[in-house]
Amino acid sequence: MNTIWADMRDGIDDGLMEEAGRILQSGGLVAFPTETVYGLGANALDPEASAKIYSAKGRPSDNPLIVHIHRLDSLDPIVRTVPRKALVLAHAFWPGPLTMILDRSSLVPSSVTGGLDTVAVRMPDHPVALSLIQAGGGYIAAPSANTSGRPSPTTAQHVRDDLNGRIEMIIDGGSVGIGVESTIIDLTETLPMILRPGFISIDMLRSVIGEVKMDPGLHSEDPAFRPKAPGMKYRHYAPRAELTIVEGSEEHVRAAIDQLARSAISRGLTCGIIAADEDASAYHAGIVRSAGSRAKEITISQHLFGILREFDDLGVDVIYSESFDTPQIGAAIMNRLIKAAGHHILSV
Ligand code: AMP
Ligand code: MG
């Protein structure tokens, strides 16, 4: 298949957007930018179209998709009821990086929800995404536009690297703003529960709906605590290299990573280091990549997945990363990093 490359970095191209809408309405796949990561879209109300997402990504069929809408009126038909807290959250954070789990109506095919009776819904905060959802008929199922198991794409080129020739169109909207996937909140139980941390932090959620808990299965290695979002059980975001997170005081971390890097290199391994801007100049061995500044935490989430991909391309064997437990997005950054590291954390 020839994948059409639609350049919309400088704004929406009406002709190409019409074509993207036709592709979606006739059951094809279009990758598109959102404010979090690039998504791989299909018509959510067409079970055959959504099935193509799973095969293009190599995604396990029990891992449900998020349904993207472009206006609040679209919510009612796809859910059984709209709880009051969902409305409050929608008014506070939509369009934006918040996905809500609600009971689904019969309009949503069960192939989209991985057989679950609930549906994940989000309204993204990106003009290209909103326009595409409208052009595609109002309901676009879209997971991240990566091959399953690879870090999520934060540029259109990342999408091309994974999916070229397997999907009808890639819309280039430039680099994304946030760089980690949306916060997922489950509103189907008495107490709202975060199934995946993202840019919208637990404190931001609590400030509008009161008590919110974190899924106890999220960071547990104990099989008795399975995460509730099916996708969170996979070793996602996995780079090819073995990744270790080093945590402790700044000084100890710098010394430990420097020594680990030198030791790896002396064993003939190619070594990558992920550091904050503030520390990058302290490392003199290995391939050092500065994720961003601790003082401007969004710069770290923006660059993290791209660095993991770059290290793959460079054939890096081992990666040592600093820990980035920053105030707002730190929980999301560390959730992705810990999964990428397969829980390999070294405290110094
Ligand atoms: P992605 O869009 O690739 O970030 O994947 C969507 C995420 O949402 C995955 O982790 C899914 O498991 C999760 N998800 C989607 N629908 C549901 C649902 N109905 N209940 C729980 N988690 C869901
Ligand atoms: Mg994904």
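Structure shown above.
Remember, it's a predicted structure, so these values are computed and weren't measured experimentally. (Residues numbered from 1 in each chain as written. Chains lettered and ligands numbered in written order. Predicted model: local features only at pLDDT ≥ 70, side-chain atom pairs only at ≥ 80, totals over all residues. Heavy atoms only, no water.)

Trainee: Whenever I open this one, the site of ligand 1 confuses me. Can you help?
Mentor: Around ligand 1, a shell composed of 20 residues is seen, among which Asn63, Thr118, Pro143, Arg196 and Gly231 lie nearest. A distance of 3.1 Å is found between an oxygen atom of ligand 1 and a side-chain nitrogen or oxygen belonging to Arg59. The contact in question runs from an oxygen atom of ligand 1 to an N or O atom on the backbone of Pro230, over 3.3 Å. Secondary-structure elements contributing two or more residues to the shell around ligand 1 are strand E6 (118-122) and strand E10 (193-196). Among the elements that line the shell around ligand 1, the one with the most residues is E6, at 3 residues. Partitioned by chemical class, the residues of the shell around ligand 1 number 13 nonpolar, 4 polar and 3 charged. (Near = heavy atom within 4 Å. Polar contact = N/O pair within 3.5 Å; in protein donor to acceptor, adjacent residues only side chain to side chain. Helix = DSSP H or I, 4+ residues; strand = E, 2+ residues; numbered from the N terminus. Nonpolar A, V, L, I, M, F, W, Y, C, P; charged D, E, K, R; others polar.)

Trainee: For this particular structure, what's the right way to read the pattern of salt bridges?
Mentor: If charged atoms from side chains of opposite charge come close, those side chains can pair. Counted by the stated rule, this structure contains 17 salt bridges. Measuring nitrogen to oxygen at the nearest pair gives 3.0 Å for the salt bridge that ties Arg150 to Asp162. One end of the pair, Arg150, is in the loop between strand E7 (140-141) and helix H6 (156-163); the other, Asp162, is in helix H6, with 12 residues separating them in the sequence. Exposure class is identical for Arg150 and Asp162. Each is buried. Taking the shortest distance from any N to any O, the salt bridge between Glu310 and Arg289 comes out at 2.9 Å. (Salt bridge = Lys/Arg side-chain N within 4 Å of Asp/Glu carboxyl O. Buried < 20%, exposed > 50% of the residue type's maximum accessible area, 1.4 Å probe, protein only.)

Trainee: Please explain the packing of helix H9 (residues 298-313) against helix H10 (residues 330-340) as it appears in this structure.
Mentor: Axes are the key here: two packed helices are described by the angle between their axes and the distance separating the axes. Running from amino to carboxyl end, H9 crosses H10 at an angle of 15 degrees, the nearest separation of the two axes being 10 Å. Considered as vectors, H9 and H10 are oriented roughly parallel to each other. Crossing geometry of H9 relative to H10 is assigned as left-handed. When H9 is examined against H10, the residues Ile300, Ser301, Leu304, Phe305 and Leu308 are found in contact with a partner set consisting of Ile333, Arg336, Leu337 and Ala340. When grouped by side-chain class, the residues that make up the contact of H9 with H10 number 7 nonpolar, 1 polar and 1 charged. (Axes fitted to C-alpha atoms, helices over the stretch in contact; angles between N-to-C directions. Parallel < 35°, antiparallel > 145°, perpendicular 65-115°, else oblique. Left-handed = near helix turned anticlockwise from the far one by under 90°. Contact = heavy atoms within 4.5 Å.)

Trainee: Help me understand the environment of Arg206, please; the structure alone is not making it clear to me.
Mentor: Relative to the assigned elements, Arg206 resides in helix H7 (residues 202-209). Counting along the chain gives 14 residues from Arg206 to Pro192, while the straight-line C-alpha distance between them is 9.7 Å.

Trainee: It is not clear to me how the pairing of strand E8 (residues 169-172) should be interpreted in this structure. Could you clarify?
Mentor: Consecutive residues of a regular strand have side chains that alternate between opposite faces of the sheet. Burial along E8 is two-sided: Met169 and Ile171 facing one way and Ile170 and Asp172 facing the other are all buried. Sheet topology places strand E1 (residues 4-7) next to E8; 4 bridges connect them, and they run parallel. Considered in E8, the bridge of Ile4 is made with Met169. Here strand E2 (residues 30-32) pairs with E8 via 2 bridges, running parallel. Note on E8: the bridge partner recorded for Ala31 is Ile170. (Pairing = 2+ DSSP bridges.)

Trainee: Teacher, can you tell me more about the sheet that holds strand E15 (residues 318-322) here?
Mentor: Strands belonging to one sheet form pairs held by backbone hydrogen bonds; the direction of such a pair is parallel or antiparallel. If you trace the 5 strands from one edge of the open sheet to the other, you get E14-E13-E15-E12-E16, paired in parallel fashion. Of all strands in the sheet, those with a lone pairing partner are strand E14 (287-292) and strand E16 (345-347), marking the two edges. The sheet shows a mean angle of 25 degrees between the axes of neighbouring strands, taken without regard to direction. Across 5 bridges, the pairing between strand E13 (residues 271-276) and E14 is parallel. Within E14, the position partnered with Ala275 by the bridge is Ser290. Here helix H8 (residues 250-266) sits on the sheet in contact with strand E12 (242-247), E13, E15 and E16, set at roughly 175 degrees to E15. Those strands touched by H10 are E12, E15 and E16, and its axis lies near 135 degrees from that of E12.

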